[in-house]
Amino acid sequence: MEIQALLITFREVLEALLIVGIITTYLRRVNHKQFNKYVWLGAGLAVLASVGVALLFQLVFTGFAAMGSEMYLKIGIMLVSTVLLTQMVFWMASHSRDIKGNMEGKMNKFISTGNVVGMVIHSFLVVLREGVETVFFFAAITGGNIGAAMQGWGAITGVVIAAIVSYLFFKGTMKVPLSTFFKFTGAFIILISAGLLVQAISMMQDLNIIGSILPHVYDLTWFLPEHPIDYTHYLRDHGTAPILSGDIGVFLKALFGYSSMPSIEEVLAYIGYFVAILLLTSSKPSAAKHKKEEAPNNAQVLKPQAK
């Protein structure tokens, strides 16, 4: 869970800091830094609103648990989170080139009309979107215990790393294009997303919401059990211990949705997810090439201006 929380928090916080940083840097460059306080005001209000969303979400989840329906809510959260995580990766991949130009264009309109309220609302919505997504993803990876994810070392570390990367970037000391960071973390997030998908399918089969043609395609308990309990049961029943610890299985299940005895539906969903990602990424070569011709490369677009 902590690794998942770290990656998700890093992505979300870095994205929010980059957008706010681009806006404030631009306002300083055009000699309108007096508006920066309104941008940060909107961002601060969004953080408070995100905490409120987390509390409300936890309240709703507790209500479902009291009615004995929390498993159905967990399944819904996992499925929606799979879609949102995938969309997040693709959105950043397609918008990282022109995000700077879009933000500066909107700020120009606000400055020309003196629309201070618009600046506050714009930065509020930008940061709130990241906050709400984080709350939803935390609910998915913790089974509804958002507080546990927010207080764990993974989320805290993700925020710290995102703040450091953002600081180095805007100080001009970080020379690696941000697209490299997003591609690297995006690959892990895609794996997390696939894991949430197969876990949701597994839970639906446990609840008999959907059936299975082949409940167990293979059994790797002898090599890597899913849980320490499975390790103990295998040792008891066979007289020999599995090769790897059940603690490793718990970690891989939480991070990537590992299953030592998956159903055919889980296997097909896992493979099908990556096939779909591959088709989506390979079906837009011409569009990507066209964008490359119209805009400078990612490092140039997002490169902060010298003071």
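Residues numbered from 1 in each chain as written. Predicted model: local features only at pLDDT ≥ 70, side-chain atom pairs only at ≥ 80, totals over all residues. Heavy atoms only, no water.

Draft legend 1. Structural detail: the confidence of the model for the protein. Residues of the protein with pLDDT of at least 70 account for 83%, and the chain-wide mean is 79. At the low end of the mean pLDDT range in the protein sits helix α13 (residues 298-302), at 42; at the high end sits helix α11 (residues 264-282), at 89. Here residues 285-307 is a poorly scored stretch, pLDDT under 50, and it has 28 contacts once near neighbours within four places are set aside; other chains count. (pLDDT = per-residue confidence, 0-100. Helix = DSSP H or I, 4+ residues; strand = E, 2+ residues; numbered from the N terminus. Contact = heavy atoms within 4.5 Å.)

Draft legend 2. Here's a closer look at the pattern of salt bridges. Summed over the entire model, instances satisfying the criterion amount to four salt bridges. Its salt-bridge partner being Arg129, residue Glu130 comes within 2.6 Å of it at the nearest N-O pair. Residue classification places Glu130 among the buried residues on the basis of a relative accessible area of 3%. Under the relative-accessibility criterion, Arg129 is labelled partly exposed at 31%. With its nearest N and O atoms 3.4 Å apart, the salt bridge here joins Glu226 to Lys253. Within this pair, whereas Glu226 is found in the loop between α8 (178-206) and α9 (228-238), its partner Lys253 is found in helix α10 (residues 246-256), the two being separated by 27 residues in sequence. (Salt bridge = Lys/Arg side-chain N within 4 Å of Asp/Glu carboxyl O. Buried < 20%, exposed > 50% of the residue type's maximum accessible area, 1.4 Å probe, protein only.)

Draft legend 3. Molecular detail of the packing of helix α1 (residues 2-29) against helix α5 (residues 116-142). The geometry of α1 relative to α5 is characterised by a closest axis approach of 10 Å and an angle of 180 degrees between their N-to-C directions. Between α1 and α5, the angle is such that the two are roughly antiparallel. Of the residues in α5, those in contact with Gln4, Ala5, Ile8, Thr9, Glu12, Glu15, Ala16, Ile19, Val20 and Ile23 of α1 are His122, Val126, Val127, Arg129, Glu130, Glu133, Thr134, Phe137, Phe138 and Ile141. Split by residue class, the contact of α1 with α5 holds eleven nonpolar, four polar and five charged. (Axes fitted to C-alpha atoms, helices over the stretch in contact; angles between N-to-C directions. Parallel < 35°, antiparallel > 145°, perpendicular 65-115°, else oblique. Nonpolar A, V, L, I, M, F, W, Y, C, P; charged D, E, K, R; others polar.)

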